[in-house]
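Observations on the model geometry
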Amino acid sequence: QKEVEQDPGPLSVPEGAIVSLNCTYSNSAFQYFMWYRQYSRKGPELLMYTYSSGNKEDGRFTAQVDKSSKYISLFIRDSQPSDSATYLCAIDGEYGNKLVFGAGTILRVKS
Amino acid sequence: SQTIHQWPATLVQPVGSPLSLECTVEGTSNPNLYWYRQAAGRGLQLLFYSVGIGQISSEVPQNLSASRPQDRQFILSSKKLLLSDSGFYLCAAVTGHTEAFFGQGTRLTVV
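Cut-offs used in this document
- Residues numbered from 1 in each chain as written.
- Chains lettered and ligands numbered in written order.
- Predicted model: local features only at pLDDT ≥ 70, side-chain atom pairs only at ≥ 80, totals over all residues.
- Heavy atoms only, no water.
- Helix = DSSP H or I, 4+ residues; strand = E, 2+ residues; numbered from the N terminus.
- Rg over C-alpha atoms; globule rule 2.2 N^0.38 Å.
- Buried < 20%, exposed > 50% of the residue type's maximum accessible area, 1.4 Å probe, protein only.
- Contact = heavy atoms within 4.5 Å.
- Areas by Shrake-Rupley, 256 points an atom, 1.4 Å probe, with all protein chains shown as cover.
- Pairing = 2+ DSSP bridges.
- Axes fitted to C-alpha atoms, helices over the stretch in contact; angles between N-to-C directions.
- Core = buried A, V, L, I, M, F, W, Y, C linked by side-chain atoms within 4.5 Å.

**Focus: the overall build of chain A**
The number of helices and strands found in chain A is zero helices and 11 strands. Of the regular secondary structure in chain A, the N- to C-terminal order runs β-β-β-β-β-β-β-β-β-β-β. At 13 Å, chain A has a C-alpha radius of gyration in line with the 13 Å of a compact globule built from 111 residues. Considered along the principal axes of its C-alpha atoms, chain A spans approximately 40 × 30 × 20 Å. Considering chain A as a whole, with its 111 residues, one finds that 45% of them fall into the buried category. Looking at chain A alone, contacts between residues at least 24 apart form 54% of all its contacts between residues at least 6 apart. Carbon and sulfur atoms form 46% of the exposed surface of chain A, whose accessible area is close to 5400 Å².

**Section: the environment of Ile 4 of chain B**
Residues and elements named next belong to chain B. Structurally, Ile 4 is set in strand S1 (residues 3-7). Taking relative accessible area as the criterion, Ile 4 reaches 10% and is therefore assigned buried. Sequence-wise, Ile 4 and Gln 104 are 100 residues apart; in three dimensions their C-alpha atoms are separated by 7.9 Å. Apart from the residues lying within four places of it in its own chain, the contact partners of Ile 4 are Cys 23, Thr 24, Val 25, Cys 91, Ala 93, Phe 101, Phe 102 and Gly 103.

**Focus: the sheet that holds strand S8 (residues 73-78) of chain B**
Residue and element names in this part refer to chain B. With antiparallel pairing, four strands are arranged side by side in an open sheet as S1-S3-S8-S7. Pairing within the sheet leaves two strands with one partner each, and these edge strands are S1 and strand S7 (65-70). Direction aside, neighbouring strands of the sheet carry axes that sit 20 degrees apart on average.

**A look at the environment of Phe 101 of chain A**
Among the structural elements, Phe 101 of chain A can be located in strand S10 (residues 99-101). When the C-alpha positions of Phe 101 of chain A and Tyr 36 of chain A are compared, they lie 9.3 Å apart, and in sequence the two are 65 residues distant. The contacts of Phe 101 of chain A, once residues within four sequence positions are left out, are Val 4, Tyr 36, Leu 88, Cys 89 and Ala 90 of chain A together with Tyr 36, Leu 44 and Phe 102 of chain B.

**Description of the nonpolar core**
In this structure, Trp 35, Ile 72, Leu 74 and Tyr 87 of chain A are the most contacted members of the largest nonpolar core, which totals 25 residues. Breaking this core down by element, the ones donating at least two residues are strand S3 (19-25), strand S4 (32-38), strand S5 (45-51), strand S7 (61-66), strand S8 (71-76), strand S9 (85-92) and strand S11 (105-110) of chain A. One finds Leu 33, Phe 48, Ala 66 and Cys 91 of chain B within the second-largest nonpolar core, a separate group that totals 20 residues.

Here it is in structure tokens:
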């Protein structure tokens, strides 16, 4: 079983839609959960960062962690064409020795 | 703030030739360093990570090797490239449990 599972998509939505991106993970010891956004031919950039369970909101983006289900989500409200990118979840174990990334979901927002 | 310098941006190499990709980090000390490879339309595959000078962990058996001769320098190498080594190579640095900073990547094409 992979440490982090993420549906690669692509996910295609119309402009203004609510987008839900998800990852599952296998190791209950993971404590730090991150979402990265990667535009084509660029390195990933941190979008959201959460510790343990709960929600975190930043503008149109909401990150949600459910440790009981080992499930993390990223919601994008009022999606824009500029949100079109690959979104990668990442998980950092307690001692931060190895950052584990999901496969990344390709998102396309059509105007 | 942290800056990751990665070069070259693009590289075309013949099969059987050697490879050396360099990554240097500015703005932090004692980072964990990572080399990732990303195939077209795919997520990040962890190749190597390092928690200190001379300490290298390999995630997948392959034709590549890594070295960390200095705290903020991480090198990816190969003695003889294979066609399957083509891809987008990313270097990342993480300090503590803060975000990972990525270089802009090297697009390697083996011909």
